Amino acid sequence: MTKASSSAKVKQLIPKHSDDKNRQNKTTSSQVRSRATVNRLKLYRKKAYQYDKKGRRISGAGDYTSNIPEPGAGRTAPNRRWFGNTRIVDQQQLEKFRESIQNVRQDPFSVIIKQKKLPLGLVDFDNTASEKDGSRLSLLRIEPFEEVFSEKKWRKRPRIGDFCDLKEYSETAKKLRDKYEASIGEEEPVLHSIAENSTNGKEDSQVIFERNHALDKGQSKRIWGELFKVIDSSDVLLEVLDARDPLGTRISYVEKYIQRECPHKHVVLLLNKCDLIPSSVTRHWIRYLSTEYPTVAFRATLQKSFGKSTLIGLLRQFANLHSDKKSISVGIVGYPNVGKSSIINTLRGKKVVNVAPVPGETKVWQYVTLFRRVYLIDCPGIVHEASAPDDAELVLRGVVRTESLRDEAADYIPLLLERVKKQHLKKTYGILDWTDANDFLEQMAKKTGKLRKGGEPDLNTSAKMILNDYLRGKIPWFIAPPDYCTNMEQEDSTSKGNSIDDTEVSLLEEKEEEASKDVVTDVKESTPEENNISLNMEEYSTWVE
Ligand SMILES: Nc1nc2c(ncn2[C@@H]2O[C@H](COP(=O)(O)OP(=O)(O)OP(=O)(O)O)[C@@H](O)[C@H]2O)c(=O)[nH]1
């Protein structure tokens, strides 16, 4: 073969076009595409399916996809492995499980640990209940399958309104906003005009007074923000109640919120300032409140505290229950001035947070270490607006600083006189008798020298003084538990009544000291009966008539 003819054959074998697939699979030069590369690039350029003008598919995508059938409805064969981590229970077993879990949930002294490992969804699935309250589980009963998923499904269209352009839209929005603001102005009772009460003169009709904002303490957005931070960060919530008015200082809203949003968090009620009420009343309150949550009687002072060991034992139990966690946090929440910060100081045995006899001392949440694995979180005092019926109630619950009260301080004295027994007021202030609140205030002002120019008694200042004494425990008072009277009669016939003698006091104190040495291991051990309190007889001499 001549040299010319052989070179012509080589030219024929190596196509010039870079997309020609009739080329060698192995090329000598890295710059020349191999056959495989050409094929791959062609594949990339092709569409997966080809459609005609009407949108019907006319062919598959060449070599690779043309043989693959179009996906349609089909069944996947069940596989045993899907059910590998499941267990089969029959209806009877399920009912038994439901019943026992419900019993445990209703018992305030039992705790479900490792809830995530239990199929609690089965317990909550109650056909009748879900149908009634329209919960998630009855979704298909609320909206039938056909309307949600099938071809006949329908969706609500959003109401956009009949607007042609943006300008028209913004004008309508402005009008609606003005209308809304006007309606709010009508409802809000911020400004009270006393014109309606006045009988004479134009001057009076123009006098307007503003509501004292000091009465809104503990209701601000900022304070509630602090509360939710504390709730979120806590595993256990100590709700502190003033033993003199436990139901008045109870925040049921928070309890319901925890039940609804975070049922795995533990709630404990702490009846603080129990040194200011008789022991029998404390016992009754504990019996009453323990039906809902574990309740501990407490006295928060550094020297002669009460209930410290019970509470520490309880917190240790919670720490043991959550042994899988590195540490647990205990949030301390409650009304202003109920003694939250004092409780932290008492538990630590020294002053670690600021305490004051006035509400609103704690401004922001603060962390304090109790043990290596238990942290305490102090929360500012909060007030739930809906549970505070009127201003007098708020003032007598100690929510407001008395010095922030203006001329209205005297208005709260009638309610105070209703709550405090006459003999205690007589004993505290040495006033023999009075006809009404005004008479009482006048006598008090004269007695304490609170007089204005010209010797006129300063009722407002003496009212503030009485309120301070009432809140700081100088005047004895308490609100009796619901079943107090009837139970007291029974107790009186069987035992010695509401006083306890010195031997009983020392026995209880000894018992408490012993308890503080042990680490309690079982939640069931802290029963309400064990929370009996010991009393310092000197302080309670006023109660023993
Ligand atoms: N008698 C008596 N007084 C108490 C007790 N606990 C607290 N106090 C007093 O109650 C007042 C308020 O205590 P704080 O600890 O500041 O109350 P708080 O709940 O932290 O108050 P805020 O800062 O408003 O949230 C202080 O004068 C305490 O001395 C108690 O158990 N018995």
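As the structure is a computational prediction, the values presented were derived from the model and not from experiment.

**Student:** Mind showing me how you'd approach the pattern of salt bridges here?
**Tutor:** Think of it this way: side chains of opposite charge can pair up when their charged atoms draw near. All chains considered together, the criterion is met by 12 salt bridges. For arginine 250, the salt bridge identified is with glutamate 292, shortest N-O distance 3.0 Å. In this pair, arginine 250 is assigned in the loop between β5 (236-242) and α12 (252-261) and glutamate 292 in the loop between α13 (279-289) and β7 (295-297), connecting sequence segments 42 residues apart. The partner of glutamate 393 in a salt bridge is arginine 419, and the shortest N-O contact between them spans 2.9 Å. Remark: arginine 419 occurs in helix α17 (residues 413-419) and glutamate 393 occurs in helix α16 (residues 391-396); sequence separation between them is 26 residues.

**Student:** When you look at the nonpolar core in this model, what are you seeing that I'm missing?
**Tutor:** Within the largest apolar cluster, 88 residues are counted, with the highest numbers of intra-cluster contacts made by Ile343, Leu376, Ile413, Leu416, Phe440 and Ile466. The element best represented in this core is helix α14 (residues 308-321), accounting for six residues. Beyond its immediate sequence surroundings of up to four residues, phenylalanine 440 is in contact with Ile413, Leu417, Leu425, Tyr429, Ile431, Trp434 and Ile466.

**Student:** Can you help me understand the pairing of strand β8 (residues 328-334) in this one?
**Tutor:** Strand residues, when the strand is regular, have side chains that alternate between the two faces of the sheet. Extensive coverage of β8 is indicated by the burial of seven of its seven residues. Of the two faces of β8, both are covered, the one formed by Ile328, Val330, Ile332 and Gly334 as well as the one formed by Ser329, Gly331 and Val333. Across five bridges, the pairing between β5 and β8 is parallel. Across the sheet, residue glutamate 239 finds its bridge partner in β8, namely valine 333.

**Student:** What exactly am I supposed to notice about the site of the ligand here?
**Tutor:** If you check the shell around the ligand, you find 21 residues, and the closest are Ala300, Ser341, Ser342, Gly360 and Thr362. Interatomic distance of 3.0 Å between a backbone N/O atom of glycine 339 and an oxygen atom of the ligand. The backbone of threonine 362 places a nitrogen or oxygen atom 2.8 Å from an oxygen atom of the ligand. Within the complex, 87% of the 660 Å² of free accessible area of the ligand lies under protein. Among the detected pockets, the ligand sits in the second largest pocket. The element best represented in the shell around the ligand is helix α15 (residues 340-348), accounting for three residues. For the shell around the ligand, a count of residues per class yields eight nonpolar, eight polar and five charged.

**Student:** What exactly am I supposed to notice about the packing of aromatic side chains here?
**Tutor:** How two aromatic rings sit relative to each other is set out by the distance from centre to centre and by the angle between their planes. Summed over all chains, the structure comprises nine aromatic pairs. Between the aromatic rings of tryptophan 224 and phenylalanine 228, the centroid separation amounts to 6.0 Å while the plane-to-plane angle is 45°, which identifies the pairing as tilted. Highlighted residues: tryptophan 224 and phenylalanine 228, both in helix α11 (residues 221-233), separated by four residues, approximately one helical turn. A relative accessible area of 13% means that tryptophan 224 is categorised as buried. Ring plane angle 55° and centroid distance 4.7 Å describe the contact between tryptophan 434 and phenylalanine 440, whose orientation is recorded as tilted. Accessibility assignment for this pair places tryptophan 434 and phenylalanine 440 in one class, buried.

**Student:** Looking at this structure, how should I read the sheet that holds β7?
**Tutor:** Across a sheet, strands are paired by hydrogen bonds formed along the backbone, either parallel or antiparallel in direction. Across the sheet, six strands lie side by side as β7-β6-β5-β8-β10-β9; this open sheet has mixed pairing. Two strands close off the open sheet at either side, each with one partner strand: β7 and β9 (366-369). When the angles between neighbouring strand axes are averaged without regard to direction, this sheet yields 25°. Across five bridges, β8 lies against strand β10 (residues 374-378) in parallel orientation.

**Student:** Would you mind going over the environment of proline 359 with me for this structure?
**Tutor:** Looking at the secondary structure, you find proline 359 in the loop between α15 and β9. Proline 359 sits in the buried class, given a relative accessible area of 3%. Those residues in contact with proline 359 that lie beyond four places of it in its chain are Lys217, Pro336, Asn337, Gly398, Val399, Val400 and Arg401.

**Student:** For this particular structure, what's the right way to read the layout of surface pockets?
**Tutor:** With a probe scaled to a water molecule rolled over the atoms, the places where space remains empty come into view. By volume, the largest pocket amounts to about 790 Å³. Arg105, Gln259, Pro263, His264 and Lys265 are, among the 25 residues lining the largest pocket, the residues nearest its centre. Of all the secondary-structure elements, those providing two or more residues to the lining of the largest pocket are α4 (91-106), α5 (120-124), α12 and β6 (266-272). Looking at the lining of the largest pocket, its residues break down into 11 nonpolar, seven polar and seven charged. Residue assignment places the lining of the largest pocket across two domains, with domain 1 (91-117) and domain 2 (216-386) each supplying three or more. Considering only enclosed or pocket space, the second largest pocket measures out at about 660 Å³ in volume. Taken together, 35 residues line the second largest pocket, and the ones lying closest to its centre are Lys273, Asn337, Gly339, Ser342 and Ala356. Contributions of two or more residues to the lining of the second largest pocket are made by α11 and α15.

**Student:** Whenever I open this one, α12 confuses me. Can you help?
**Tutor:** Each α-helix turn comprises 3.6 residues. Residues three or four places apart therefore point the same way. Listed as buried for α12 are Val254, Glu255, Tyr257 and Ile258. Seen from one end, α12 has its buried residues packed into an arc of 160°, which puts them on one side. In α12, the exposed residues that point more than 90 degrees away from the buried face are Lys256, Gln259 and Arg260. At its buried positions, α12 is contacted by α11, β5 and β6.

**Student:** What exactly am I supposed to notice about the confidence of the model for the protein chain here?
**Tutor:** Low-pLDDT stretches of the model should not have their predicted coordinates read in fine detail. Put simply, the protein chain has an average pLDDT of 74, and 71% of its residues get 70 or more. Per-residue pLDDT stays below 50 along residues 187-208; that stretch engages in 17 contacts with residues further than four places along the chain or on separate chains. Scoring the predicted complex yields pTM 0.63 and, for the interface, ipTM 0.97.

**Student:** Hey, could you run me through a nonpolar patch on the surface in this one?
**Tutor:** On the surface, a nonpolar cluster with roughly 330 Å² of combined accessible area is contributed by Phe163, Leu166 and Tyr169. Among the structural elements, tyrosine 169 can be located in helix α9 (residues 166-187). A relative accessible area of 44% places tyrosine 169 in the partly exposed class.

Cut-offs and rules
Residues numbered from 1 in each chain as written. Predicted model: local features only at pLDDT ≥ 70, side-chain atom pairs only at ≥ 80, totals over all residues. Heavy atoms only, no water. Salt bridge = Lys/Arg side-chain N within 4 Å of Asp/Glu carboxyl O. Helix = DSSP H or I, 4+ residues; strand = E, 2+ residues; numbered from the N terminus. Core = buried A, V, L, I, M, F, W, Y, C linked by side-chain atoms within 4.5 Å. Buried < 20%, exposed > 50% of the residue type's maximum accessible area, 1.4 Å probe, protein only. Contact = heavy atoms within 4.5 Å. Pairing = 2+ DSSP bridges. Near = heavy atom within 4 Å. Polar contact = N/O pair within 3.5 Å; in protein donor to acceptor, adjacent residues only side chain to side chain. Areas by Shrake-Rupley, 256 points an atom, 1.4 Å probe, with all protein chains shown as cover. 1 Å grid on protein atoms, 1.4 Å probe; cavity = no way out; pocket = protein on both sides within 12 Å on 5 of 7 lines; lining within 4 Å. Sits in = over half its atoms within 2 Å of the grid points. Nonpolar A, V, L, I, M, F, W, Y, C, P; charged D, E, K, R; others polar. Phe/Tyr/Trp six-rings, centres within 6.5 Å; stacked < 30°, edge-to-face > 60°. Axes fitted to C-alpha atoms, helices over the stretch in contact; angles between N-to-C directions. Points joined across faces, edges and corners; volume = space filled by probe spheres on them. Domains from an automatic or database assignment. Arc of directions from axis to C-beta. pLDDT = per-residue confidence, 0-100. Patch = residues over 30% accessible without salt bridge, like charges linked within 9 Å, V, L, I, M, F, W, Y side chains within 5 Å.

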